[in-house]
Amino acid sequence: MDALKPPGESEDHNERNDIKEQKDSLGNSTLALVDGQPEEEDPWDLPELKETGVPWSALDTQGKVLRVLVSLGKLVVLLGLLYMFICSLDILSSAFQLVGGKTAGDIFQDSAILSNPLAGLVIGVLVTLLVQSSSTSSSIVVSMVSSGLLTVPLAVPIIMGTNIGTSVTNTLVAMTQAGDRSVFRRAFAGATVHDFFNWLSVLVLLPLEVATGYLYKVTKLIIDSFQLQSGEAPDLLNVITDVLTDTIIKLDKSVLSEIATGDPAARNKSLIKRWCETYTNMSLVNVTVPGPENCTSPSLCWIDGNYTFTLKNISQTYNIKKCDHLFVDVNLSDLAVGLILLALSLLVLCSCLLLIVKLLNSMLKGQVAIIIKNILNTDFPFPFGWVTGYIAILVGAGMTFIVQSSSVFTSAITPLVGIGVISIQRAYPLSLGSNIGTTTTAILAAMASPGDTLGNSLQIALVHFLFNISGIILWYPIPFTRFPIRLAKGLGDITASYRWFAVVYIIFCFFLLPLFVFSLSLAGWQVLAGVACPLVALLIIVIVINVLQKKKPGCLPAVLRSWDFLPLWAHSLEPWDKVVGAITAKCCCCCKCCNAEENKGKEKKDWHKEAYDNPAMCIDKEVEKEFKIELNCQTVTKF
C-alpha cells in the first residue's frame, strides 16, 4: 500500500506517529497554553552541540589556512545576507505604505473614533500592520498632536497599539521555520513571547491609563521639568541601508501626515517621491480678489472699475533634480508599485532568512557553537545571577538603537532561538530591550522637532518609553510574574503539534480580534460592555478552572475536574486537525491529479510531434497500444 501513497506521505505518517502522544496530551486539554510545562522530557532543553569535523589540532597548515578562509568567507556572506534582510524589511515597509498608507491616514483623520480608548488602541494596531512600521505610525500620531487635531491623552492608546502591531513581523519570520517541529516550537515561542508581553502590558496599563491618566501625567511632569531645545536625530544604520533602498524606491512620507491632518490636496498626491531637490520661492504678486474685505491690508488694496487688486505672498516650488530610484518615471499607481515591491521584498526576505538559517547552522558547529551558546545563555555566578537578564535587556536596547528597528532585531534573533543557540529565557529580556531601544530612537527623532511642537512630540515618545518600562516592571523582575515565557512555551507546544494553529493565531490576534473590538467600540460603550464583559468573565473562569485542574483538582466538583463533559471539538484540537488534514489532503490530491493530467497530456503531445517527424515509428495497425493518431492515412502507435 505504501507504493500507492503520494511522495512524502509515508514520512509524514511516521512523523505524526512519533508525536502522537504529545498531540493527545495537548489536544485533550487546554492546560498547555496556561502552564507550558511538559511532564516528562523537557522539549525546551537546548539541543546538544557536539564537536563535528576534524579537530583544529589534527589539521595541517594548509588545512588550517583553508578552514580560516572558509570561515571568513561564510562570515562575509552572512553579513551580506543580514544587510539584504534589513534592506528587504525597509522595502517591505515602503510597500505596505504604498498599498495602505492613504487608508491609514484616513483612519487617523476621524478624531471622533479616536476619542474611544479601545478604538484608538485597535487603530494603532491596524495602522502599524498596514504600514509595517511603528515609527511611521508614531510619526503620524506626532503630526496630529503637533497640529492640534489630537490631544496627547487621546494619543496614548494609539501608541500602545503601535507597540502591539510591530510585533507581528518576527512572528511571521518564525513561520519560515515550520519544516522542523522542534525548531518551529522554539522559534515560534521565541517570537510570540514578544507578543504576549505587549498584550499583557496593554491589558493592565490601558485600564490604568483610562482610570488615572498615569502615563500622561508622569510624562507631562517630566516635560515640564526640563528646558527643551531642538536637535537632530542621528541616522545610524539608515546611512548604510539607504544606499540600496533609495535606488529602489523613495517615499514622500509627508503625504501621510498631510492626509491625517485633513489636507484635501494630499489625497491626489503620490507617495512616490519624484523630485529629490526642489526650490521654493516666496514673492509678492498682484492678485485679483472678490472685494476690498479680501485684501491683505487697506494700504495694499486697489480698485480698478469692477476689479479689486491686492499684494499677496505667493510661494512657487521649482523642481531642480529628479530622484534616481527605479520607479521615478514608471507610469503606475501607488497600489501597483506597492504590490510589486511587496512581492519582491517578501521573496528576498524569506530567501535571505532561509539562507541565514542554513549558514548559521553550518557555522555554529563544534567548539565555536558551544562557546557562543554558553556565552549567551550562562548566568553570572551566585549571588549575581539576576543581573544577567538586565544586561540582556541593555544589549537588546543597544542593538535595536543601532539598527533603529525592533522588528529587525527581534526577527534576527528568532532563527537563533529556533536552532537552539539562544534559549527562550534569554530571548525574552532581549525582546524587552528591543522595545526600549525603539523608543529611544523615537525620543531622538522627537528632539529634531521644531520648538513649538517639541514638547508634545517628546511627550508622545516618552509615553511609549514609559509604557515599555512599566511593562518590564510588571512582567520581568519577579520570576513568578514572567507569564509571557510560560504562555509562549504553551503556544509553542501546540503549534509544534498542530502547525496550522500558528496561522490561526496570527489571523485571530492581529486581524480578527482587533477588528471585532473596533466594531464593538463603534457601536458605543453600552454594546462594548454588554458583549465584552461576559466574554472576559468566561475567559477568566476557564483559566481559573484550568489552573485548578492542574494544581488542586480536589477543590473542583467531579464534573469540572476535566473537560470531558464537553464535546471533543470544544476542548481538543484533534478533531480540527483531522478536518484541516482532510482539506489539505484533498487540495494536494487535486493538485497532484491536475499535474498528472497535465504531464500526461504534455507527454502525449510530445510523442505525437515526434511520431509526425519520424514516420518510421509507425507500426502495424493490428497491435493495440495506448495512443493512436492518424498521420497521412497511417496509424501511429506508441509503445
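The structure under discussion appears in the preceding block.
Quick caveat: nothing in here was measured; it's all calculated off a predicted structure. (Residues numbered from 1 in each chain as written. Predicted model: local features only at pLDDT ≥ 70, side-chain atom pairs only at ≥ 80, totals over all residues. Heavy atoms only, no water.)

Run through helix H8 (residues 152–165), naming residues and quoting values.
The end-to-end C-alpha distance of H8, which contains 14 residues, comes to 20 Å, matching closely the 20 Å that a straight helix rising 1.5 Å per residue would cover. Burial of H8 is extensive: 12 of the 14 residues sit out of reach of the surface. (Helix = DSSP H or I, 4+ residues; strand = E, 2+ residues; numbered from the N terminus. Expected span 1.5 Å × (residues − 1). Buried < 20%, exposed > 50% of the residue type's maximum accessible area, 1.4 Å probe, protein only.)

Before we move on, can you summarise the packing of aromatic side chains with the specific residues and values?
What describes a pair of aromatic rings is the distance from one ring centre to the other and the angle between the planes of the rings. Evaluated as defined, the whole model comprises 13 aromatic pairs. Note on phenylalanine 188 and tyrosine 505: the rings are 5.8 Å apart at their centroids and 75° apart in plane angle, and the pair reads as edge-to-face. Here phenylalanine 188, found in helix H10 (residues 181–212), pairs with tyrosine 505, found in helix H21 (residues 500–523); they are 317 residues apart in sequence, far enough to count as distant. Arranged with centres 5.6 Å apart and planes meeting at 70°, the rings of phenylalanine 480 and phenylalanine 483 form a pair that is edge-to-face. A network of ring pairs unites the aromatic residues Phe184, Phe188, Phe196, Tyr505 and Phe510 as a single cluster. The ring of tyrosine 476 has arginine 482 lying over it, and the distance from NZ or CZ to the ring centre is 4.1 Å. (Phe/Tyr/Trp six-rings, centres within 6.5 Å; stacked < 30°, edge-to-face > 60°. Lys NZ or Arg CZ within 6 Å of the ring centre and 35° of its normal.)

Tell me about the pattern of salt bridges, and name the residues and values.
In total, this model carries three salt bridges according to the counting rule given. For aspartate 224, the salt bridge is made with lysine 220, and the minimal N-O distance between the two is 3.9 Å. In this pair, aspartate 224 and lysine 220 both sit in helix H11 (residues 214–225), four residues apart, roughly one turn of the helix. The class of lysine 220 is partly exposed, set by a relative accessible area of 32%. We note a salt bridge from aspartate 329 to lysine 322, for which the minimum N-O separation is 2.5 Å. Its relative accessible area of 58% is what places aspartate 329 among the exposed residues. (Salt bridge = Lys/Arg side-chain N within 4 Å of Asp/Glu carboxyl O.)

Describe the environment of lysine 312, naming the residues involved and giving the relevant values.
Relative to the helices and strands, lysine 312 resides in strand E3 (residues 307–322). With sequence-adjacent residues up to four places away left out, lysine 312 is seen in contact with Ser283, Leu284, Val285, Val287, Val289, Asn294 and Thr296. (Contact = heavy atoms within 4.5 Å.)

Tell me about helix H20 (residues 483–497), and please be specific about residues and values.
With 15 residues, H20 extends 22 Å between its outermost C-alpha atoms, agreeing within 8% with the 21 Å of an ideal straight helix rising 1.5 Å per residue. For H20, the buried fraction is high: 13 of the 15 residues fall into the buried class.

Please provide a residue-by-residue account of the packing of H10 against H11, values included.
Direction vectors running N to C along H10 and H11 enclose 70°, while the axes themselves pass 6 Å from each other. The orientation of H10 with respect to H11, classified from their angle, is roughly perpendicular. Each of Leu208, Glu209 and Thr212 in H10 lies in contact with H11, whose residues at this interface are Tyr214, Leu215, Tyr216 and Lys217. When grouped by side-chain class, the residues that make up the contact of H10 with H11 number four nonpolar, one polar and two charged. (Axes fitted to C-alpha atoms, helices over the stretch in contact; angles between N-to-C directions. Parallel < 35°, antiparallel > 145°, perpendicular 65-115°, else oblique. Nonpolar A, V, L, I, M, F, W, Y, C, P; charged D, E, K, R; others polar.)

Spatial relationships are all this shows, so hold off on functional conclusions.
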